Amino acid sequence: MVLKFRSKLLLSIFLIVFITAVGTSGYMIIEGWNFRDSLYMTVITLTTVGYGEVHELTPAGEIFTMIILILGVGIILYLLAVEAKIILSGELRDIIGRTRMEKRIKDLRSHYIICGYGRMGKTVAKELLSKDEKFIIVEKSSSKIPDDEEHIFLEGDATIDEVLKKAGIERAKGLVSVLPTDAENLFVVLSARELNPKLLIVTRASEETSEIKILRAGADRVVSPYYTGGLKIAHMILKPAVVDFIEFATKNGNLEIQMEEVAVRPGSSLAGAELEETGIVKDLGIIIIAVKKSDGTMQFNPASRAVIEQGDTLIALGEITKLNELERLSGKVAV
């Protein structure tokens, strides 16, 4: 739409410059006037101001003036029609909105990129929004992009490198690819890993055979909706109480209790202290279910004498207000 608007505008400007040049040259050739008088005559003829001729016209000059006048009025009417269409059809509003959106994209730093805005993409966006995380959605189907100021959208094919660059992949900290086919997700992973080697990449895979290939391509995590869904159904039958508890603890918006992961950052008062000394359990009433070490190993149900180190990730269960206090102690930087 922007290109269409620009092409119309450039065409109008070209026609005005062209007819002005033709008129000026014509008066210089037909009437033998100098450049200034010829240009002045052309301008007052095209604008139909009616100041009168600069010099007396010859019959050939009068015919030429009528031609210039008819062509000039037609071009001006075309230009006015283009401007009216832009205003009435909302093209101007769309152009302004697109310009504003491009500026918001350029300002993104340490954000997530969601490739695909289907059912899974909408769920991911909803969860990230609830955590006040910055993200951009890349979707190639314009019909799926709502008129929404809350989200940042980029219309384009996420399998193309240039589109990912426009989404700020070099500045992003994570990418989620939930496109319809495994092949598309594979292409996104390959491009994303090459453009940003440090990027956290999570994607979906419909086929079990695709999971290994996508991991080899550079994905950090691969989720199979069918496997995960089937597993959850089985657990609902075999372990209904466990499933209910996990859903209760991880449900977004639950004010009573939440399960969160909290990273221990540099400078945190927790680093180097034993779990019992930190007061996390005694003072805050938070249960530390597990500690994920910086090397990826997981310590379940850590002992009270376990030492918390910088770079550890605490898997904690507790009230939201208490978890917020734990995040403060961990050295979380406010964004």
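These lines cover the structure that appears in this document, whether it is placed above or below. (Residues numbered from 1 in each chain as written. Predicted model: local features only at pLDDT ≥ 70, side-chain atom pairs only at ≥ 80, totals over all residues. Heavy atoms only, no water.)

Our focus in this paragraph is the overall build of the chain. Along the backbone of the chain there are 12 helices and 10 strands. Here the chain holds 335 residues, and the buried ones make up 37% of them. Pairs at least 24 apart in sequence give 58% of the contacts found in the chain among residues at least 6 apart. Summing over all exposed atoms, the chain offers an accessible surface of approximately 20500 Å²; the carbon and sulfur share of this is 60%. (Helix = DSSP H or I, 4+ residues; strand = E, 2+ residues; numbered from the N terminus. Buried < 20%, exposed > 50% of the residue type's maximum accessible area, 1.4 Å probe, protein only. Contact = heavy atoms within 4.5 Å. Areas by Shrake-Rupley, 256 points an atom, 1.4 Å probe, with all protein chains shown as cover.)

As a further point, take the sheet that holds strand S8 (residues 287-292). Strand order in the open sheet made by the 4 strands is S7-S10-S8-S9, with antiparallel pairing throughout. With one partner strand each, in any of the chains shown, strand S7 (258-263) and strand S9 (298-300) form the two edges of the open sheet. Going from strand to strand, the sheet's axes swing by 20° on average, the running direction of each strand aside. Bridging between S7 and strand S10 (residues 313-318) involves 6 bridges; their strand directions are antiparallel. If you follow Ala 263 over to S10, its bridge partner there is Thr 313. (Pairing = 2+ DSSP bridges. Axes fitted to C-alpha atoms, helices over the stretch in contact; angles between N-to-C directions.)

Time to look at the nonpolar core. Counting residues in hydrophobic clusters, the biggest one holds 28 residues, and the most contacted among them are Ile 113, Cys 115, Ile 136, Ile 169 and Leu 175. Elements with a minimum of two residues in this core: helix H4 (91-106), strand S1 (112-115), strand S2 (135-139), strand S3 (152-155), helix H6 (161-166), helix H7 (182-195) and helix H8 (208-217). It is H7 that contributes the most residues to this core, 4 residues altogether. Residues contacting Leu 175, with those up to four places away along its chain left out, are Ile 113, Cys 115, Leu 164, Ile 169, Val 188, Ala 192, Leu 199, Leu 200, Ile 201 and Val 202. Counting residues in each nonpolar core, the second largest holds 14 residues, with Val 262, Val 264, Leu 284 and Ala 316 among its members. (Core = buried A, V, L, I, M, F, W, Y, C linked by side-chain atoms within 4.5 Å.)

The next thing to look at is empty space enclosed by the protein. Summary: where empty space remains is shown by rolling a probe the size of a single water molecule over the atoms. Applying the stated criterion to the full structure yields 1 cavity of 30 Å³ or more. Considered as a void within the structure, the largest cavity measures approximately 50 Å³ in volume. Taken together, Leu 275, Ile 288, Val 291, Lys 293, Gln 299, Pro 302, Ala 306, Val 307, Ile 308 and Asp 312 make up the full set of residues lining the largest cavity. Within the lining of the largest cavity, the residues separate by chemical class into 7 nonpolar, 1 polar and 2 charged. (1 Å grid on protein atoms, 1.4 Å probe; cavity = no way out; pocket = protein on both sides within 12 Å on 5 of 7 lines; lining within 4 Å. Points joined across faces, edges and corners; volume = space filled by probe spheres on them. Nonpolar A, V, L, I, M, F, W, Y, C, P; charged D, E, K, R; others polar.)

Right, let's talk about the pattern of salt bridges for a bit. Scanning the entire structure with this criterion turns up 10 salt bridges. Note that Lys 165 is salt-bridged to Glu 162, the shortest N-O span being 3.7 Å. Residue Lys 165 and its partner Glu 162 are both found in helix H6; the two are separated by 3 residues, about one turn of the helix. Classification of Lys 165 by relative accessible area gives partly exposed; the value is 35%. What emerges from the salt-bridge pattern is a single network uniting Lys 293, Glu 309 and Asp 312. (Salt bridge = Lys/Arg side-chain N within 4 Å of Asp/Glu carboxyl O.)

What follows covers the side chain of Lys 293. Position of Lys 293 among the secondary structure elements: in the loop between S8 and S9. Its relative accessible area of 13% is what places Lys 293 among the buried residues. Excluding residues that lie within four positions of it along the chain, Lys 293 makes contacts with Gln 299, Val 307, Glu 309 and Asp 312.

Turning our eyes to something else, we now look at the sheet that holds strand S5 (residues 200-204). As a general point, the strands of a sheet are linked pairwise by backbone hydrogen bonds and lie either parallel or antiparallel. Pairing within the open sheet is parallel, and its 6 strands lie in the order S3-S2-S1-S4-S5-S6. The open sheet terminates on both sides in strands that have one partner only, identified here as S3 and strand S6 (221-223). Direction aside, the axes of adjacent strands within the sheet are offset by 20° on average. Pairing between S2 and S3: 4 bridges, direction parallel. Bridging across to S3, Val 138 finds its partner in Leu 154.

For the rest of this paragraph, the subject is the pairing of S8. A regular strand carries its side chains on alternate faces of the sheet. As paired strands, S8 and S10 are joined by 5 bridges and run antiparallel to one another. Note on S10: the bridge partner recorded for Ala 290 is Ile 315. In this structure, S8 lies alongside S9, joined through 3 bridges in antiparallel fashion. Looking at S9, one finds that Ala 290 is bridged to Phe 300. Taking the residues that link successive antiparallel strands as the turn, the S8-S9 hairpin has 5 residues, and the phi of Gly 296 there is positive, at about 95°.

A few words now on the packing of helix H9 (residues 225-238) against helix H10 (residues 240-250). At a minimum axis separation of 5 Å, H9 and H10 run at an interaxial angle of 120°. Here H9 is positioned oblique relative to H10, judged by the angle of their axes. Each of Lys 232, His 235, Met 236, Ile 237 and Leu 238 in H9 lies in contact with H10, whose residues at this interface are Pro 240, Val 243 and Glu 247. Of the residues belonging to the contact of H9 with H10, the class tally is 5 nonpolar, 1 polar and 2 charged. (Parallel < 35°, antiparallel > 145°, perpendicular 65-115°, else oblique.)

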